[in-house]
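Below, each chain spelled out in residue letters.
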Amino acid sequence: MADYLNLAGWLAALAQTVLFVAIAPLFANWVKRAKCTLQNRRPPPWLQPYRDLRRLFGKEVVLAHTASHVFRIAPYIVFGTAVLAASIIPFILAEIPFAAMADAIVLVGTLALGRFFLALAGLDVGTSFGGMGSSREMTFAALAEPAMLMVVFTLAMLASSTNLSTVVGFFLEQPLALRPSLLFGLLALLLVGIAETGRIPVDNPATHLELTMIHEAMILEYTGRHLALMEYASQLKLAIYAVLTVNLFLPWGISRTLDPASVGIAVLALTAKLAVLGALLALAETLVAKMRLFRVPTFLAVAFTLSLIGMLSFIMLEGH
Amino acid sequence: MFEFSPAMLVYAAVCSTLAGGFASLFADRWPAVQKFLVFPLLGLSGVVSIAACLAALSGAPAVTDELALGLPWLQWHVRLDSLSGFFLGVIGLITLAVSAFGPGYVREYSNSHYSLALLGVMTALFVAGMQLVVVADDAFAFMVAWELMSVASYFLVAFEHEEAANRRAAFLYLLMAQVGAILILLSFGVLAAHGGDFTFAAMRHAGLTPLWAAASFGLGLLGFGMKAGIVPLHVWLPEAHPVAPSHISALMSGVMLKVAVYGFIRLVFDLLGDPHWSWGVVVLAVGSVTSLYGVLYALVQHDLKRLLAYHSVENIGIIYIGLGLALIFFSANLPAFGVLGLIAALYHTLNHALFKSLLFLGAGALLQHGHERDLEHMGGLIRRMPWTALFFLIGCLSISALPPFNGFVSEWLTFQTALQATTLESGVLRAVIPISAAVLALSGALAATCFVKVYGVAFLGQARSRKVRHAREASHGMVLAQAVLACLCLLFGVLPTTTVEFLSRISVDLTGFGVTAATRQGWLWLTPIAPEVASYSAPLVLLGVLLALGAWAAVYFSSRKRRLVQPLPRRDAWDCGFGPLTPRMQYSASAFAMPIRHIFRPAWRLHEEKVREMDPQLSTRPLQLRYLMHADDLSWQYFYLPVERFVQGAARRVGRIQTGHLRHYLAYSFFTLIALLWLIT
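Residues numbered from 1 in each chain as written. Chains lettered and ligands numbered in written order. Predicted model: local features only at pLDDT ≥ 70, side-chain atom pairs only at ≥ 80, totals over all residues. Heavy atoms only, no water.

(A) View of the overall build of chain A. Within chain A, the regular secondary structure consists of 12 helices and one strand. Each helix (α) and strand (β) of chain A, taken in turn from the N terminus, gives the series α-α-β-α-α-α-α-α-α-α-α-α-α. Since a compact globule built from 320 residues should have a radius of gyration of about 20 Å, the 19 Å found for chain A is in line with a globular shape. Seen through its principal axes, chain A has C-alpha atoms that stretch 55 × 45 × 40 Å. By the burial criterion, 62% of the 320 residues in chain A qualify as buried. By sequence separation, contacts in chain A at least 24 residues apart represent 79% of the contacts at least 6 residues apart. Summing over all exposed atoms, chain A offers an accessible surface of approximately 12,000 Å²; the carbon and sulfur share of this is 70%. Averaging the locations of the 21 positively and 18 negatively charged side chains of chain A gives two centres separated by 9 Å. (Helix = DSSP H or I, 4+ residues; strand = E, 2+ residues; numbered from the N terminus. Rg over C-alpha atoms; globule rule 2.2 N^0.38 Å. Buried < 20%, exposed > 50% of the residue type's maximum accessible area, 1.4 Å probe, protein only. Contact = heavy atoms within 4.5 Å. Areas by Shrake-Rupley, 256 points an atom, 1.4 Å probe, with all protein chains shown as cover. Lys, Arg positive; Asp, Glu negative; His and termini not counted. Charge placed at Lys NZ, Arg CZ, Asp CG, Glu CD.)

(B) Local environment of the domain arrangement of chain B. Residue and element names in this part refer to chain B. In terms of domain boundaries, chain B breaks down into domain 1 (276-556) and domain 2 (606-654). Using only C-alpha atoms to locate each centre, domain 1 and domain 2 end up separated by 33 Å. Counting from both sides, the interface comprises six residues of domain 1 and, opposite them, seven residues of domain 2. Summing both partners gives a buried area of about 510 Å² for domain 1 against domain 2, and 46% of it is carried by carbon and sulfur. Viewed at the interface, domain 2 and domain 1 are joined by zero salt bridges. (Domains from an automatic or database assignment. Buried area = accessible area lost by both parts, 1.4 Å probe. Salt bridge = Lys/Arg side-chain N within 4 Å of Asp/Glu carboxyl O.)

(C) Geometry of the pattern of salt bridges. In this structure the tally under the stated criterion is 16 salt bridges over all chains. A salt bridge links Arg 256 of chain A to Glu 95 of chain A, with the shortest nitrogen-to-oxygen separation between them at 3.2 Å. Of this pair, Arg 256 of chain A sits in the loop between helix 10 (224-249) and helix 11 (260-287) while Glu 95 of chain A is found in the loop between helix 3 (69-87) and helix 4 (98-101), placing the two residues 161 residues apart along the sequence. By relative accessible area, Glu 95 of chain A is classed as partly exposed at 41%. Look at the salt bridges and you will find they share partners, linking Arg 79, Asp 81, Arg 204, Arg 266 and Asp 270 of chain B into a network.

(D) Local environment of helix 5 (residues 104-124) of chain A. Taking 1.5 Å as the rise per residue, helix 5 of chain A with 21 residues should run 30 Å; its terminal C-alpha atoms sit 30 Å apart, in good agreement. Burial runs high along helix 5 of chain A: 21 of the 21 residues are buried. (Expected span 1.5 Å × (residues − 1).)

(E) Representation of the side chain of Gln 16 of chain A within the structure. All names here are of chain A. Relative to the helices and strands, Gln 16 resides in helix 1 (residues 7-38). At 2.9 Å, the side chain of Gln 16 forms a polar contact with the backbone nitrogen of Leu 93. Excluding residues within four positions of it along the chain, Gln 16 makes contact with Ile 89, Pro 90, Phe 91, Ile 92, Leu 93 and Ile 96. (Polar contact = N/O pair within 3.5 Å; in protein donor to acceptor, adjacent residues only side chain to side chain.)

(F) Broad picture of the confidence of the model for chain B. The predicted model of chain B averages 90 in pLDDT, with 99% of residues at 70 or higher. Predicted confidence in chain B is weakest over helix 22 (residues 562-565) of chain B, with a mean pLDDT of 53, and strongest over helix 15 (residues 386-399) of chain B, with 96. (pLDDT = per-residue confidence, 0-100.)

(G) Representation of the environment of Ser 291 of chain B in the model. Residues and elements named next belong to chain B. As for its position among the elements, Ser 291 is in helix 11 (residues 277-299). Considering only alpha carbons, one finds Ser 291 and Leu 18, 273 residues apart in sequence, at a separation of 36 Å. Among all residues touching Ser 291, those that are not within four sequence positions of it are Glu 314, Gly 317, Ile 318, Ile 321, Val 439 and Ser 443. Within the local environment of Ser 291, its side chain forms a polar contact with the backbone oxygen of Ser 288, the two atoms lying 3.1 Å apart.

(H) Spatial organisation of the environment of Ala 24 of chain A. Residue and element names in this part refer to chain A. Mapping Ala 24 onto the fold places it in helix 1. A relative accessible area of 0% places Ala 24 in the buried class. Between the C-alpha atom of Ala 24 and that of Met 311, which follows or precedes it by 287 residues, the distance is 31 Å. Filtering out sequence-adjacent residues up to four positions away, Ala 24 remains in contact with Gln 235, Leu 236 and Ala 239.

(I) A look at helix 16 (residues 406-419) of chain B. Relative to the 20 Å expected for 14 residues at 1.5 Å per residue, helix 16 of chain B spans 20 Å between its end C-alpha atoms, a close match to the ideal helical length. Within helix 16 of chain B, 14 of the 14 residues are buried, leaving the element largely enclosed by the surrounding structure.

(J) Examining the interface of chain A and chain B more closely. Between chain A and chain B, the residue contacts involve 70 residues of the former and 72 residues of the latter. Of the roughly 6,200 Å² buried between chain A and chain B, counting both surfaces, carbon and sulfur atoms make up 72%. Applying the counting rule to chain A against chain B returns zero salt bridges. Applying the counting rule to chain A against chain B returns 21 residue pairs in polar contact (both at pLDDT 80 or more). No other element matches helix 6 (residues 128-159) of chain A, which puts 18 residues into the side of chain A that touches chain B. For the side of chain A that touches chain B, the residue count by class is 44 nonpolar, 19 polar and seven charged. Bridge count between strand 1 (residues 63-64) of chain A and strand 3 (residues 570-571) of chain B: two bridges; the pairing is parallel. (Nonpolar A, V, L, I, M, F, W, Y, C, P; charged D, E, K, R; others polar. Pairing = 2+ DSSP bridges.)

(K) Representation of a nonpolar patch on the surface. Residue and element names in this part refer to chain A. Together, Leu 38, Val 276, Leu 280, Leu 283, Leu 287 and Val 288 make up a nonpolar patch on the protein surface, roughly 550 Å² of accessible area in all. No other element matches helix 11, which puts four residues into the nonpolar patch. Looking at the secondary structure, you find Leu 38 in helix 1. Residue classification places Leu 38 among the partly exposed residues on the basis of a relative accessible area of 42%. (Patch = residues over 30% accessible without salt bridge, like charges linked within 9 Å, V, L, I, M, F, W, Y side chains within 5 Å.)

(L) Representation of the nonpolar core within the structure. Residues and elements named next belong to chain B. In this structure, Phe 142, Trp 146, Phe 188 and Tyr 455 are the most contacted members of the largest nonpolar core, which totals 357 residues. Looking at this core, the element that brings in the most residues is helix 13 (residues 335-370), giving 21 residues. Of the residues that make up this core, three or more belong to each of domain 1 (276-556) and domain 2 (606-654). Dropping the residues within four chain positions of it, Phe 142 is found in contact with Val 133, Ala 136, Ile 184, Phe 188, Phe 200, Phe 224, Tyr 262 and Gly 263. (Core = buried A, V, L, I, M, F, W, Y, C linked by side-chain atoms within 4.5 Å.)

(M) Local environment of the packing of aromatic side chains. Residues and elements named next belong to chain B. In the structure shown here, the tally under the stated rule is 43 aromatic pairs over all chains. Consider the rings of Phe 217 and Trp 279, whose centres lie 4.6 Å apart with planes at 5°: the pair is stacked. You can see Phe 217 sitting in helix 8 (residues 210-228) and its partner Trp 279 sitting in helix 11, a full 62 residues away along the chain. Looking at Phe 217, the relative accessible area reads 5%, which means it is buried. According to the relative accessible area criterion, Trp 279 is buried, its value standing at 6%. Each member of the aromatic cluster is reached from another via a ring pair, and the members are Phe 101, Tyr 105, Tyr 109, Tyr 114 and Phe 159. (Phe/Tyr/Trp six-rings, centres within 6.5 Å; stacked < 30°, edge-to-face > 60°.)

(N) Region of the structure containing the side chain of Thr 197 of chain A. All names here are of chain A. Turning to its location among the elements, Thr 197 is positioned in the loop between helix 8 (180-196) and helix 9 (215-218). Note on Thr 197: relative accessible area 16%, which makes it buried. In terms of polar contacts, Thr 197 uses its side chain to reach the backbone carbonyl oxygen of Gly 193, at 2.6 Å. Excluding residues within four positions of it along the chain, Thr 197 makes contact with Lys 237, Leu 238 and Tyr 241.

(O) Seen up close, the state of the cysteines. Residue and element names in this part refer to chain B. Summed over the entire model, instances satisfying the criterion amount to zero disulfides over all chains. The cysteine Cys 450 is free of any disulfide, with Cys 396 supplying the nearest cysteine sulfur at 9.1 Å. Judged by relative accessible area, which is 0%, Cys 450 ranks as buried. (Disulfide = S-S within 2.5 Å.)

Shown next, in the form of structure tokens:
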């Protein structure tokens with residue numbers, strides 16, 4: 001793989017990953033601000049999530065008596081897998097060498113690894129809350145992950161590649177056409193993204209007091225830098241799903257070279273796409289009420305069915 | 001005069017195993033024999049098997065030999081080719097691990113009145129049987145070795161025979177093993193009748209008509225499937241695996257099921273010749289159903305070994321999905337993708353052998369030192385058995401198909417094969433394959449859920465029973481065995497390209513095609529079809545992770561030196577202000593799986609028992625609450641019981657002619673005689 005030996009490509013990919021990780025809290029805050037504005041509340045300042053993270057990193061870590069090593073390693077693994085996942089997604093540059101190291105299936109696997117440890121951490125202390133969160137998280141993930149894989153497979157079959165860079169490149173070269181498989185895939189990915197990042201109507205990121213909470217229940221025992229890492233990882237996950245959605249299905253504007261002008265256009269295009277998606281998410285969260293817990297499987301079954309229909313419609317209608 | 005051949009290694013391995021069996025005859029009188037002779041001989045056999053495997057996979061041509069055993073006109077034919085060599089290697093690896101684990105584990109039996117000699121002899125015969133099955137080159141030797149394996153393992157399942165449930169499980173196992181053996185025999189019979197001989201060499205040129213080939217395939221699928229545990233022929237697995245001693249469970253689940261897979265591959269890819277596309281669809285459907293069924297039943301179990309047995313069913317399903325894909329692509333004349341499916345199946349065979357044995361050995365350690373098989377009574381074992389906990393975690397990660405461990409690589413390869421469905425001509429096949437990929441994705445995700453449950457409930461949290469609270473770490477040998485398997489799980493996960501290169505030789509031998517594209521980019525890159533289609537570089541991913549870890553550690557230790565000396569403060573967990581948390585307040589295994597039970601309700605028949613004792617003074621205050629849950633295997637209800645009723649009914653009807661009167665029997669003889677005379681005239 002001679003073309004993967006150029007240093008500039010690796011450095012650019014690394015820089016892009018750093019940028020991705022750096023702006024993830026900003027995107028989460030953008031959604032929050034949009035929601036506040038829609039609900040007539042005063043929005044937090046733009047830099048609030050960074051201040052929160054700094055405050056948490058500075059605080060002392062307190063462990064429960066029953067916490068084991070798994071509890072202490074989990075934040076690092078959860079955060080690490082989120083960063084790894086962020087590094088293999090085409091963000092501003094389409095052609096990145098990391099995408100060849102780990103393809104779309106590895107991306108799903110990496111996120112699953114993080115979730116595995118997140119759920120173990122929830123069970124580690126031995127409280128009912130933690131177990132409740134883990135049990136629900138793993139149940140919903142068991143339904144969301146196959147749906148996500150089906151979306152990935154539809155794209156992979158379309159572009160004859162599971163390499164995310166290649167997939168994005170393929171869509172850029174295609175003439176604009178409405179493909180039913182992509183439409184179903186997009187819908188499925190949106191539903192999966194909502195479930196996986198714990199947004200309304202599946203989970204409520206703003207609450208700590210409901211028996212229906214999922215993500216917050218698992219990290220209830222975390223403090224200090226551990227909590228900071230967990231919060232950061234969940235913000236990163238939101239950004240990952242958002243970037244994945246906009247860059248896979250609406251890749252226009254993404255830069256295929258390291259040329260400053262096209263990179264500038266890519267930054268602007270991505271900002272605009274993410275801003276719209278974030279606003280839509282905020283709007284949806286304002287309009288929709290949280291679902292009863294046992295309605296969530298139906299929600300995810302819809303996502304799974306949509307993704308399967310997307311794949312079958314590609315095979316039946318568009319294949320060959 | 002004396003020339004070295006890899007066949008010698010096979011004989012050495014089998015002889016070493018049998019010598020171990022002979023030595024263990026004295027184990028009852030001198031228990032030290034067990035530790036210093038029997039298990040080392042088994043380990044030696046394992047090492048020699050691995051050597052034979054490497055010799056066979058290093059590109060040497062197949063070695064054939066004849067032994068002066070067997071029938072006068074049919075000597076035992078032995079053949080060591082790359083496929084046999086690979087399976088011999090799998091047997092060797094697990095036998096080696098078991099030989100390290102065994103001495104510590106069987107100590108438990110030295111104070112009981114179960115015979116250690118019997119255990120040793122049967123273990124040796126069992127291993128020797130498996131080693132002979134994979135090198136047998138004629139149907140006769142194959143069946144003898146197969147029966148040796150089955151019958152010896154029956155005695156191992158029935159080892160703790162004082163409990164009626166164990167005897168029942170062993171009988172079920174024996175019954176199904178024998179029915180399976182008859183089907184295999186019939187399948188070989190079809191081939192032998194057309195090939196004119198019992199040797200596999202003759203069978204390869206049998207030139208069957210499509211109908212006979214389909215008959216032989218169907219019989220083989222059922223016969224080998226009965227041993228491998230495809231749904232609905234899997235029912236003996238969850239009964240037999242939990243009751244056998246744990247190191248035997250590891251051998252049975254890790255290796256014996258693989259021997260059945262070997263038989264199936266040998267029959268379908270080697271002996272039967274060109275496959276028909278419908279075989280591929282059948283195998284794919286069987287694999288998909290098996291994998292989903294296995295994992296759904298595993299989720300509702302709370303007996304650890306039973307749960308692992310159901311996961312074996314799931315993994316056999318994944319292997320069959322790979323084989324089914326291979327058959328479909330071969331029959332569609334797309335050998336490049338067919339080979340990929342075959343390699344994915346073989347890779348998963350190796351992986352499952354490693355991580356399932358690791359998990360069973362871990363379960364054995366828990367059983368011996370925590371005295372528990374029931375997850376609902378475990379908890380907090382990570383503090384009592386840190387090493388077992390670490391290696392068990394690696395096993396859980398591997399079986400859940402998470403990167404960078406080995407289970408992920410084989411599932412990745414299976415997915416990559418399935419994604420090539422678009423190249424097929426037939427629209428039906430193109431639609432069937434993605435659905436089975438969806439099933440595979442679902443069962444993979446459910447497996448992760450299940451192993452979060454297992455690990456979280458058994459090793460994390462607080463101990464739920466007194467014995468578990470006082471568990472000790474397993475002995476050095478037992479930990480070592482798990483460590484070796486865990487390292488191999490990581491190794492095969494990180495070096496997939498090298499592994500695929502070896503496996504490719506098997507498919508070249510079997511089908512004439514290999515995967516040249518997969519390894520063309522060097523050992524760093526696994527590119528199954530072409531670099532632009534898909535690539536995975538586990539070493540680079542791991543390197544990236546290690547670099548990140550290193551950077552973090554450097555920052556951590558340089559910036560905050562005081563953390564090294566100051567342990568983190570510990571406080572009570574958040575209890576909502578209601579007083580201390582008790583172990584009973586934790587989520588239990590049943591509770592963890594409750595949402596899943598709710599979603600997939602129709603998949604099981606659940607027997608739930610809720611016991612509630614109320615306070616006599618205050619009728620609203622419960623004194624004691626108990627919840628018992630048991631999931632019945634649906635295949636009993638829909639398959640076995642109807643079959644049993646039919647057999648009983650038929651027997652009763654036939655039994656009617658047995659009147660007990662002598663004159664009736666004389667009349668039967670008379671009329672039979674007349675009929676025969678009429679026939680021959």
